[in-house]
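Given next are the chains, with one letter for each unit.
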Amino acid sequence: MSGKFASLKTAGGLPDTVYDQLLDLLTWGDLPPDSGLSIDGLAAQLEVSPTPVREALARLEATGLVQRKARRGYRVAKPMSQAQMRELVDARLVLEMGTIARAMQHRNELLPDLEAAFKRHQKGAQRILNMTAEDNQPEAVRDYFADDWSFHEAILNHCGNRYLVHAVNSLSFRVHRMRQAIGSGVSDAEYALAEHLEILEAVRRGDTAGAVAAMERHLDKLDIRVAQS
């Protein structure tokens, strides 16, 4: 195992920790596309029992990062193509313009959660922009994309429609964008943060049309960045 990744023995092999470790391995290219994923082999590498590895692989299969094939077990999926990534952004555009319009109906509950999420994203962006070779880069990048996504989650959590929430989350855009960004070495933290601030300012004003328009601009610009990665 690469030196970037520590043994999980002392962490007790908690399922979430094993999931994060495997996510790091997948997104940082330590596990090449179409390579086999042995549950027992990964458990030995991570110094945990097979159970949390099996659970983590099942969760990762739902994201599309790994695939389970008959008689071949789990394998690493190929990275999404640029065209597929742009389709994901387009799907988000259709869905998230609707979710923010609905969330604005609950603005008083939305605003404090969105403010807190923006602060997390801001802190994560500063960390990623100032990252050095001595930092735990996989952890920092994973945490940044989680912080970025928490901003959108705050909106989803107040849209009042569980099916919209499920539809957006089922795209698993965060993990695929993280894999793409790491593969290209491109960070859009500075741009994403400014675009989130524009959305937040519209929510602060109580401007529903402005919030929807800001979300549309954010995802349009994200589509351009995805196409350039």
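Because the structure is predicted, anything quoted here is derived from the model rather than measured. (Residues numbered from 1 in each chain as written. Predicted model: local features only at pLDDT ≥ 70, side-chain atom pairs only at ≥ 80, totals over all residues. Heavy atoms only, no water.)

A few points about the sheet that holds strand β2 (residues 66-69)
Neighbouring strands of a sheet are bound in pairs by backbone hydrogen bonds; such pairs are parallel or else antiparallel.
Inference 1: In space, the 3 strands of this open sheet follow the order β1-β3-β2, with antiparallel pairing throughout. Every interior strand has two partners, whereas the edge strands, β1 (36-37) and β2, have only one.
Inference 2: Sheet topology note: the β2/strand β3 (residues 73-76) ladder contains 4 bridges and is antiparallel. From the neighbouring strand, Q67 faces β3, where its bridge partner is R75.
Inference 3: Where helix α3 (residues 50-63) meets the sheet, it contacts β1, β2 and β3, and its direction lies at approximately 105° from that of β2. (Pairing = 2+ DSSP bridges. Helix = DSSP H or I, 4+ residues; strand = E, 2+ residues; numbered from the N terminus. Contact = heavy atoms within 4.5 Å. Axes fitted to C-alpha atoms, helices over the stretch in contact; angles between N-to-C directions.)

Looking at the nonpolar core
Inference 1: Ranked by internal contacts, the top residues of the largest apolar core, which has 68 residues, are L22, V53 and I155.
Inference 2: Contact partners of I155, with chain neighbours within four places excluded, come to T99, I100, A103, L110, L114, I199 and M215. (Core = buried A, V, L, I, M, F, W, Y, C linked by side-chain atoms within 4.5 Å. Buried < 20%, exposed > 50% of the residue type's maximum accessible area, 1.4 Å probe, protein only.)

Some remarks on the packing of helix α1 (residues 15-27) against α3
Inference 1: In the contact formed by α1 and α3, the axes pass within 9 Å of each other and the chain directions differ by 55°. If you check the angle between α1 and α3, you find them oblique. Judged by the twist between their axes, the crossing of α1 over α3 is right-handed. Along its contact with α1, which presents P15, D16, V18, Y19, L22, L23 and L26, the element α3 presents P52, V53, E55, A56, L57, R59, L60 and T63.
Inference 2: Its residues placed into classes, the contact of α1 with α3 shows 11 nonpolar, 1 polar and 3 charged. (Parallel < 35°, antiparallel > 145°, perpendicular 65-115°, else oblique. Left-handed = near helix turned anticlockwise from the far one by under 90°. Nonpolar A, V, L, I, M, F, W, Y, C, P; charged D, E, K, R; others polar.)

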